[in-house]
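One-letter residues, chain by chain:
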Amino acid sequence: MYKGRCVYPGSFDPVTLGHVDLIERAAKLYDEVIVAVLNNPDKNGKFSIEMRLSMLGKACAHIHNVRIDSFGGLLVDYLRKAEASIVLRGLRAVMDFENEFRMAQVNRQIAPGIETLFMMTSPAYAYVSSSAVRQIAAFGGDITTLVPQVIITDIQNAYADAST
Ligand code: PNS
């Protein structure tokens, strides 16, 4: 068990079983895991920030040492505000590496005190992504193996509302 807290940032548009798996594992390592949703006015997601936070809250309700939050601007500034020095990111496959490597290097360059730690996604979730969930849900496909049970109706409703 490491002391202190880590920040797990992302878009979470929406949260997937892969994200929850990572949060559960990180919660065993750290006193506190802050899941931080990027609120980026330039990049409209499918789900509003409020909706993403609400879905994350439901998906993580069983993990006692998790805090759900949102942030704008630079991730490293958010870490300073949250008094954290560890960024946690998941790696699913080699395809993630290039982008994650770039982000970790940029963050290190602008905030040398901050470390990025990577955890390998569990094999069962290696190909689960929020974009796959959005595509499948948009066409009414089965998302039960991709997202937590407790948010399935939220996702289905969002697509049902959009088509009416
Ligand atoms: O789930 P995602 O979309 O892969 O998450 C990307 C995220 C939110 C971690 C990244 O875009 C981010 O940290 N954005 C905040 C802006 C920032 O700090 N940029 C400098 C590092 S590239």
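Conventions adopted
- Residue positions are given per chain, counted from 1 along the sequence in the order it is written.
- With pLDDT at 70 or above as the cut-off, local features in this predicted model cover only qualifying residues; side-chain atom pairs require 80 or more to be listed or tallied, and sums for whole chains, interfaces and linings still use all residues.
- Values shown for side chains rest on all heavy atoms present in the structure; no hydrogens or waters enter the calculation.
- Think of a salt bridge as a Lys or Arg side-chain nitrogen and an Asp or Glu carboxyl oxygen that are within 4 Å of each other.
- For the purposes of this entry, the term helix denotes a DSSP run of H or I that reaches at least four residues, the term strand denotes a run of E that reaches at least two, and both are numbered from the N terminus.
- Only protein chains enter the accessibility calculation, which uses a 1.4 Å probe. A residue is then buried if its area is under 20% of the maximum for its type, exposed if over 50%, and partly exposed in between.
- Pairing between strands is defined by DSSP: at least two bridges between the two strands are required.
- Helix axes are fitted to C-alpha atoms over the stretch in contact, other axes to C-alpha atoms as well, and angles between N-to-C directions run from 0 to 180 degrees.

This part covers the pattern of salt bridges. A side chain of one charge can pair with a side chain of the opposite charge when the charged atoms of the two come close. Evaluation of the coordinates by the stated rule reveals 9 salt bridges. Residue Arg 52 pairs with Asp 13 through a salt bridge whose shortest N-O separation is 3.4 Å. With a gap of 39 residues between them, Arg 52 in helix 2 (residues 49–59) and Asp 13 in the loop between strand 1 (5–10) and helix 1 (17–29) connect regions that are remote in the sequence. Accessibility expressed as a relative area gives 6% for Asp 13, which makes it buried. Close ionic contact of Lys 58 with Asp 154 constitutes a salt bridge, the shortest N to O distance being 2.7 Å. Remark: Asp 154 occurs in helix 6 (residues 152–162) and Lys 58 occurs in helix 2; sequence separation between them is 96 residues. Judged by its relative accessible area of 14%, Asp 154 is buried.

Moving on, we come to the sheet that holds strand 2 (residues 32–38). Strand order in this open sheet of 5 strands is 3-2-1-4-5, and the pairing throughout is parallel. Edge strands, defined here as strands with exactly one partner in the open sheet, are strand 3 (66–71) and strand 5 (115–120). Averaged over all pairs of adjacent strands, the angle between their axes in this sheet comes to 30 degrees, without regard to strand direction. Here strand 1 pairs with strand 4 (residues 86–91) via 2 bridges, running parallel.

Here we come to the environment of Ile 68. Structurally, the position occupied by Ile 68 is in strand 3. A relative accessible area of 27% means that Ile 68 is categorised as partly exposed. Between the C-alpha atom of Ile 68 and that of Val 15, which follows or precedes it by 53 residues, the distance is 12 Å.

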